[in-house]
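Close look at the chain arrangement
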Amino acid sequence: MSLLRLSSIVSVKRKYTRPKTGSSLLLFKRRIPDDIKPLLPAGSKYAGKAHYVVSLQTSDVRVAAPKVAKLVKETDEDWERLRNPTRAGHLQEARELLTQYGVDPAKP
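What comes next concerns the included structure. Predicted, not measured: the structure shown is a model, and the values here were computed from it.

So, on to a nonpolar patch on the surface. On the surface, a cluster of nonpolar side chains totalling about 380 Å² of accessible area is made up of Leu97, Leu98, Tyr101 and Val103. Within the element layout of this structure, Tyr101 appears in the segment after helix 2 (87-100).

Another point: the pattern of salt bridges. Tallying each qualifying case throughout the model produces nine salt bridges. With a shortest N-O distance of 3.4 Å, Asp34 and Lys37 are connected by a salt bridge. For Asp34, a relative accessible area of 54% translates into the label exposed. One salt bridge in this structure joins Arg81 and Asp78, with 2.4 Å as the shortest N-O distance. In this pair, Arg81 and Asp78 are both assigned in helix 1 (residues 61-83), three residues apart and thus about one turn of the helix distant. Classification of Arg81 by relative accessible area gives partly exposed; the value is 46%.

Quick notes on the rules
Residues numbered from 1 in each chain as written. Predicted model: local features only at pLDDT ≥ 70, side-chain atom pairs only at ≥ 80, totals over all residues. Heavy atoms only, no water. Patch = residues over 30% accessible without salt bridge, like charges linked within 9 Å, V, L, I, M, F, W, Y side chains within 5 Å. Areas by Shrake-Rupley, 256 points an atom, 1.4 Å probe, with all protein chains shown as cover. Salt bridge = Lys/Arg side-chain N within 4 Å of Asp/Glu carboxyl O. Helix = DSSP H or I, 4+ residues; strand = E, 2+ residues; numbered from the N terminus. Buried < 20%, exposed > 50% of the residue type's maximum accessible area, 1.4 Å probe, protein only.

So, in structure tokens, the structure goes:
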């Protein structure tokens, strides 16, 4: 975790952000919990990885901060759904799978 100095008095911790190698762009990087890995479906954006990494498409930490917050919320929700599956969650996954393969869930 690195620090961003906003002034001589104020510093902010930058959690989940890393500079991209050889670039000034920032990356969102979060370790995938060990209890989640066996629950991941094949083809998931998290499958087969130790870390979930996404480019934030900016080098400005102030612009990146809301993107990081959104990604943290998204990953927390995804992982909570995997830990505690519900019927509604399974139905949503089925709809997404149908849509991914070009099938309209309303008219299969």
